[in-house]
Amino acid sequence: MTEEKLAWINDEVAALKEQGLYITIRTIDSPPTAWMVVDGKRVLNLCTNNYLGLATHPRLVEAAKAALDRFGAGPTAVRSIAGTLSLHVELEKKVAAFKGVEDALYVQSGFNANQAAIPSLVGREDVIFSDRLNHASIIDGCRLSRAKIVVYEHCDPEDAERKIREHLPNYRRGLLVTDGVFSMDGDIAPLDRLYEVAQKYGVMTMVDDAHGEGVLGRGGRGIVDHFGLHGKFDVEIGTFSKAFGVVGGVIAGKKVIVDWLRQRARPFLFSNAVTAADTAACLAAVEILDESTELVDRLWENTRYFKGEMRKLGFDTGQSVTPITPVMLGEAKLAKEFSRRLFDEGVFAMSIGYPTVPRGEARIRVMVSAMLSKDDLDYGLEAFAKVGKALGVI
Ligand SMILES: *Cc1c(COP(=O)(O)O)cnc(C)c1O
């Protein structure tokens, strides 16, 4: 029996189930390779963010093991007291050079990177201009800052300009923040035009490149490289948990800002440093991308093939121009059923509904990766065709 004071939770959960929005959490019993063991079943992985297969790359695994032996399991201190390892410093230098920025700060996650950066740059007297579809970690970082949040229409520099003109004069300073690649739609922000607008009004600029690193730009150098905007964006947020295959977040950009964050960023000051093993694996990942574009090239080959075939089958893959491939289905219940049937066919691709995406825009999100062979991709396409026909989607 649930205690009276907690009965509201049962009501909320029942409502989620009724709307097909209750999240069923699957358990993984294998590495995130092309084929995974999920809830005891061997299935094709169209689900993880392991874009380049680096999570199981022998160089990352070896580097992590060596660091574990050398530094032990955990640093047992925050970065600003006794937790900054030589590995952290080396990683920060290496990632800054890779991205072509002056400096970088490594924190526990991409989520934390937004909590670290945004409240350090703006406060109560300031204003943030934020894309309507920005990631939850940006939204939370904005809220945490207590600055006024003004939302501009998705990927719309004209609307951003209108809102800057209207609101900026009432505040001390402004920050424009956008996802680089939008994680649920796979479209990309018009970074060049957003930069022009922000620059015109002296507004600081920040882009979250979580799904752009290892994917966009030369050899996966990210969205700023894709647009050739080096040295222009003030702050780039990144993550090591996606294409880089490990864990951790990064705030990269102008030295003056990164130095300031070392004094002010709360996840840096008040939460333990990332382990040596994870940090060493991140270092190896950056080195691999620095040496060769092979994995990134394969990722794009697979992406072109998979998306082209999905469109031929008649699926709506939305506005995506990246390996993130949304298969638009509309109702959350349909998306859930689609995902369940794919799983029966041996394909792991999760449905995504509200609040991760707007109501009525539920979808299956396919993550194409360099790990997949042509046979794997064809296996996935066949399953989509079969389930799509059975459910009347195509
Ligand atoms: C995934 C993601 C994050 C969170 O990164 P983690 O390292 O997993 O915490 C932040 N921002 C965006 C845009 C993301 O897609």
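Residues numbered from 1 in each chain as written. Predicted model: local features only at pLDDT ≥ 70, side-chain atom pairs only at ≥ 80, totals over all residues. Heavy atoms only, no water.

(A) Molecular detail of the domain arrangement of the protein chain. Per the domain assignment, the segments making up the protein chain are domain 1 (21-51 + 293-390) and domain 2 (57-291). Computed over C-alpha atoms, the centres of domain 1 and domain 2 are 27 Å apart. Taken residue by residue, the interface counts 21 residues in domain 1 and 19 residues in domain 2. Taking both partners together, domain 1 and domain 2 bury about 1600 Å²; carbon and sulfur atoms supply 67% of that area. Summed over the shared surface of domain 1 and domain 2, the number is 1 salt bridge. Our enumeration of links across domain 1 and domain 2 arrives at 8 residue pairs in polar contact (both at pLDDT 80 or more). Within the residue set of the side of domain 1 that touches domain 2, elements represented by two or more residues are helix H13 (294-313), strand E10 (324-330) and strand E13 (362-367). (Domains from an automatic or database assignment. Contact = heavy atoms within 4.5 Å. Buried area = accessible area lost by both parts, 1.4 Å probe. Salt bridge = Lys/Arg side-chain N within 4 Å of Asp/Glu carboxyl O. Polar contact = N/O pair within 3.5 Å; in protein donor to acceptor, adjacent residues only side chain to side chain. Helix = DSSP H or I, 4+ residues; strand = E, 2+ residues; numbered from the N terminus.)

(B) Inspection of helix H4 (residues 86-99) at higher detail. Compared with the 20 Å implied by 1.5 Å per residue over 14 residues, the 20 Å span of H4 between its first and last C-alpha is a close match. Within H4, burial applies to Leu 87, His 88, Leu 91, Glu 92, Val 95, Ala 96, Phe 98 and Lys 99. The arc that holds every buried residue of H4, seen down its axis, measures 160°, which confines them to one face. Turned more than 90 degrees off the buried face of H4, the exposed positions are Lys 93 and Ala 97. Gly 100 occupies a position one or two residues after H4 and carries a positive phi of about 70°. (Expected span 1.5 Å × (residues − 1). Buried < 20%, exposed > 50% of the residue type's maximum accessible area, 1.4 Å probe, protein only. Arc of directions from axis to C-beta.)

(C) Representation of the side chain of Asp 376 within the structure. Mapped onto the elements, Asp 376 comes out in helix H15 (residues 374-390). Buried charge Asp 376 goes without a salt bridge, the closest partner of opposite sign being Arg 42 at 6.9 Å. Side-chain polar atoms of Asp 376 contact the side chain of Trp 35, separated by 2.9 Å. Residue contacts for Asp 376: discarding those within four places in its chain leaves Ala 34, Trp 35, Leu 44 and Met 371. (Lys, Arg positive; Asp, Glu negative; His and termini not counted.)

(D) Quick look at the sheet that holds strand E6 (residues 174-179). Spatial strand order, E3-E9-E8-E7-E6-E4-E5: 7 strands in an open sheet with mixed pairing. Of all strands in the sheet, those bounded by a partner on one side alone are strand E3 (103-107) and strand E5 (148-152). Strand-to-strand, the axes of this sheet are offset by a mean angle of 20°, without reference to chain direction. Where helix H6 (residues 136-145) meets the sheet, it contacts strand E4 (127-131), E5, E6 and strand E7 (204-208), and its direction lies at approximately 160° from that of E6. (Pairing = 2+ DSSP bridges. Axes fitted to C-alpha atoms, helices over the stretch in contact; angles between N-to-C directions.)

(E) The arrangement of the packing of helix H14 (residues 332-344) against H15 in detail. At a minimum axis distance of 10 Å, the contact between H14 and H15 shows a crossing angle of 135°. Between H14 and H15, the angle is such that the two are oblique. Judged by the twist between their axes, the crossing of H14 over H15 is right-handed. Two secondary-structure elements touch here, H14 through Phe 338, Arg 341 and Leu 342 and H15 through Ala 383, Phe 384, Val 387, Gly 388 and Ala 390. (Parallel < 35°, antiparallel > 145°, perpendicular 65-115°, else oblique. Left-handed = near helix turned anticlockwise from the far one by under 90°.)

(F) The arrangement of the environment of Ala 117 in detail. Along the polypeptide, Ala 117 turns up in helix H5 (residues 110-121). The exposure class assigned to Ala 117 is buried, which follows from its relative accessible area of 0%. With residues up to four places along the chain from it excluded, the contact list for Ala 117 reads Met 206, Ile 237, Ile 251 and Leu 261.

(G) Local environment of the site of the ligand. Around the ligand, the structure places 13 residues, and the nearest of them are Gly 110, Phe 111, Asp 208, Thr 239 and Lys 242. Here a nitrogen atom of the ligand sits 2.6 Å away from a polar atom, N or O, in the side chain of Asp 208. Within the side chain of His 211, one N or O atom sits 3.3 Å away from an oxygen atom of the ligand. About the coverage of the ligand: the protein hides 85% of its 380 Å² of free accessible area. (Near = heavy atom within 4 Å. Areas by Shrake-Rupley, 256 points an atom, 1.4 Å probe, with all protein chains shown as cover.)

(H) Spatial organisation of the packing of H5 against helix H10 (residues 255-264). Between H5 and H10, the shortest axis-to-axis distance is 10 Å and the interhelical angle comes to 100°. The orientation of H5 with respect to H10, classified from their angle, is roughly perpendicular. When H5 is examined against H10, the residues Ala 116, Ala 117, Ser 120 and Leu 121 are found in contact with a partner set consisting of Ile 257, Trp 260, Leu 261 and Arg 264.

(I) Fine view of the pairing of E7. Where burial is concerned, most of E7 is hidden: 4 out of the 5 residues are buried. Taken together, the 5 bridges between E6 and E7 define a ladder with parallel strand orientation. Within E7, the residue paired with Val 177 across the bridge is Met 206. What joins E6 to E7 is helix H8 (residues 191-200), and the crossover it makes is right-handed. (Right-handed = clockwise from strand over helix to strand, strands pointing away.)

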